Each structure stands twice: as structure tokens, then as C-alpha cells.
Amino acid sequence: MSIQLETDICRMFNIRYPIFLAGMAGGISTAKLVAAVSDAGGLGTLGAAYMEPAAIREAIQEIRQLTNAPFAVNLFAIDVSDNQTRVKEVQIELNQIRDVLGIPHAAEEPVVTPDFFEQQLAVLFEERVPVISTAFGFLKESFLQQAQSAGIRIVTMVTTVREALLAEQAGCDAIVAQGSEAGGHRGTFDLANHPMGANVGTLALVPQIVDCVKIPVIAAGGIMDGRGLVAALALGAQGVQMGTRFLTAVESGTHAAYKQTLMESTEESTVLTKVFSGRPARGINNGFIRQWDASGLDPLLFPTQNTVTRDIRNAAARQRNADYMSLWAGQGTRLLTSGQQAETIIKETVQQALNILS
Ligand SMILES: Cc1cc2nc3c(=O)[nH]c(=O)nc-3n(C[C@H](O)[C@H](O)[C@H](O)COP(=O)(O)O)c2cc1C
């Protein structure tokens, strides 16, 4: 078997190298990072899930000013209605953390998470972005058809063969197979059978999905350099999606205290937790997680837990206190580099892969 770096997804997405930047919501994959990855020959992805529609449009315009290369925008395909059950109990616990940070207690009113998914999507259609990617599920049929007729490629992240088949049958162009090593939220569609996400390792997941679907598979989870890229291609993936590796890139929006914690972390530092958002995600273990876990309380469901912890995470960021931020990261953090531009990360990854393959 001969492994080529230029795979079908390079043609499908009109990119030089089969390397996707993960869309990372929360201001991490900035327009500058997206444009830098795309300009270097990969596919930059704007993590737009928590962005207001007008801010998404601005970011898309900024990306287009910085590069002519294709890029993607990532959204969460998930119901965001709030459930008010147990909110009071959870706020009492969170108020203890608010006391530590010296910020006001929560007001006693219903939690309201804004739902602007359809307006976000409308911006992506109006702007005719080259690629839309989603986590937690895929777009409903009418939106998929609209994307197809506008020539927009659709990518969905999956964590099992079953989800991969559903995404393929729905008409997605490609899938990201997310292994348990991955940083951030588990893409698992339905948590009923897997409360903490499916969590199949990348090495086991990718070839099993590759064997079951015809559409291209992009491997994600723990891939940090050219060795990971070649390994993913050897498993039958047509490319990789990297999140954690770009967290310390110069152009990323990662908070300085978060970057420092990442650089000090190891393969032992992360845990799977629902405490920040109500959906399982991998991040560096810190004071917030330990304090919550000690309470023995179950977090609220997504997105309500995410909404009620936002003021705490924002205050922690203002105070440069990494102990109370959500520090999403994968298991490959010893392989992080500090102060590199995204272009250098792409070039080094490609060169290392070519050296292995030559
Ligand atoms: C900080 C961070 C934020 C993330 N946010 C998103 C997101 O908004 N949407 C999404 O589809 N995936 C998100 N992910 C998951 C990535 O798509 C991808 O599965 C993961 O980064 C791959 O593993 P790695 O971090 O080991 O490279 C995020 C990952 C990280 C590290």
C-alpha cells in the first residue's frame, strides 16, 4: 500500500494538504487563525457555535480579506432549549465558586439560552461559505439540500460507525471521525446510550468507520504532528482534523493563562467532564472540576449548564485564573509547541509526514 499526502479530500475541498483546523467555539479559532491555516494549504474552520449571526458575518468577511483560500464554518446541530429543573440547586453550588472569584451571585430567574441557529445558518448560506461543519448531529434535510444546491460542502463529526452511516445516508460530503483522545466536546449525537460520549479511541474508530462508509473520513483526536497524519492515512482516513495542536499557535484566541497551562500539561492532565456545559468534553483538570465533583451534584443538561457557568468562566478569564476556565484539550499536549505561527505548524507537519513517507 502506498500512502499519498494528496488525497481525494484535497480535490473535494480544493486544498493543498489534508489538514483541517478544528472549529473551536469560544473565540479560539479566530478569523486570523482560520485564514492562516487556509493560506498555508489546510482548511481553516471558524468555530462559530456561540457567535451571534452578525459577528459570524464579520468574521467571514475578515477571513476573506486575509485569504482567497477556502475555509469552513462550524456550528452545533443540537436542540438548545433550556430545562429549568434543578437550576436553583445548581446555582447554590455555583455561588460558592462565585464567592471564590468575588463576583455576584446568580439572579433568581429562569435561564434563557439564546437560540439563533437558523439565523447563523442563514448567514452561512448568504455568504456562500465553502464548507459548513457540524458537531452533535447533522443539518436537517431541507438545509442539506439548500447547501447542496449552493455548492456548499457539508462535514459532520461522528464518534461511532452508526453515526457515520447516518451522516452518510443523510447526504453529508465527508465525516470527521472523532476518537476519545480529542479535546473539547464529544461529538456523540445522542447521549442516551453513552452519557459520557462514545469514547472509542482514534486508532480503533477510524478503520472501522472507513470500512463501513464510502464518503471520505477525516481522523480527529490526539493527532499533533506528521506522525499522527501518516498514521491516520495508514488507517484509511483521507485527512486529519487537529484542534489541540493549534491552541498555542500565535494567531489563536486562546487566553494566555490557558496557553501556559497547556504548555505545562501532560498526557495525564485531561479528564472527561460535563461540569462546564452539561455535555461531556475533554479538558485539563482544574479547580472548577474538582470543586464541582466534590459536591456530588449532577450538572444540568446542555445548554443550560453552559449558560449558568458562563459568568464564572468569563470572570476567571478577566482575572487570568485558569483554575475556573474551561481548558479544553486533547491527550497529546506534550507535543505542543509555543509561539509558532499556524503556517509553521502546517509546514512542519507536512514535512515530517513527507520524510516518513519518502
Ligand atoms: C478548545 C477546543 C474547542 C473545540 N470546539 C469545538 C467546536 O466548537 N466544534 C467542533 O465541532 N469541535 C470542537 N472541538 C473538537 C474538535 O473538532 C476535534 O474533534 C478535536 O480537537 C480533535 O482532537 P485534538 O484536540 O486532540 O486535535 C474542540 C476542540 C478543542 C480542543
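The structure this text deals with has already been given above.
Right, let's walk through the structure included here. Not measured: the values here are computed from a predicted model. (Residues numbered from 1 in each chain as written. Predicted model: local features only at pLDDT ≥ 70, side-chain atom pairs only at ≥ 80, totals over all residues. Heavy atoms only, no water.)

Describing the overall build of the protein chain
Within the protein chain one finds 13 helices and eleven strands. Taking 2.2 N^0.38 as the reference for a compact globule, 358 residues should give roughly 21 Å; the C-alpha atoms of the protein chain span a radius of gyration of 19 Å, in line with that estimate. Each of the three principal axes of the protein chain carries a C-alpha extent, and together these read 60 × 45 × 40 Å. The buried share of the protein chain, taken over its 358 residues, is 57%. (Helix = DSSP H or I, 4+ residues; strand = E, 2+ residues; numbered from the N terminus. Rg over C-alpha atoms; globule rule 2.2 N^0.38 Å. Buried < 20%, exposed > 50% of the residue type's maximum accessible area, 1.4 Å probe, protein only.)

Points about the site of the ligand
Taken together, 24 residues sit near the ligand, with Gly23, Asn74, Gly222, Gly243 and Thr244 positioned nearest. Contact between the ligand and Gly183: an oxygen atom at 3.2 Å from a main-chain N or O atom of the residue. Coverage of the ligand by the protein amounts to 98% of the 590 Å² it exposes when considered alone. Going through the elements one at a time, strand S3 (71-76) and strand S9 (239-242) are the ones with two or more residues in the shell around the ligand. Its residues assigned to classes, the shell around the ligand comprises 13 nonpolar, eleven polar and no charged. (Near = heavy atom within 4 Å. Polar contact = N/O pair within 3.5 Å; in protein donor to acceptor, adjacent residues only side chain to side chain. Areas by Shrake-Rupley, 256 points an atom, 1.4 Å probe, with all protein chains shown as cover. Nonpolar A, V, L, I, M, F, W, Y, C, P; charged D, E, K, R; others polar.)

Things to note about the nonpolar core
In this structure, Leu121, Leu124, Ile132, Ile175, Ile209 and Phe246 are the most contacted members of the largest nonpolar core, which totals 96 residues. Ranked by the residues each element gives to this core, the list is headed by helix H2 (residues 31-39), at six residues. Not counting residues up to four positions away in its chain, the partners in contact with Leu124 are Ile56, Ile60, Val73, Leu75, Val129, Ile132 and Ile152. Grouped together as the second largest cluster of nonpolar side chains are 20 residues, Ala135, Val155, Ile218 and Ala220 included. (Core = buried A, V, L, I, M, F, W, Y, C linked by side-chain atoms within 4.5 Å. Contact = heavy atoms within 4.5 Å.)

As for helix H9 (residues 226-234)
Turning to H9, its buried residues are Gly226, Gly228, Leu229, Val230, Ala232 and Leu233. On its buried face, H9 sits against strand S1 (19-21), strand S8 (217-220), S9 and helix H13 (342-357). Downstream of H9 by a residue or two, Gly236 has a phi angle that is positive, lying close to 105°.

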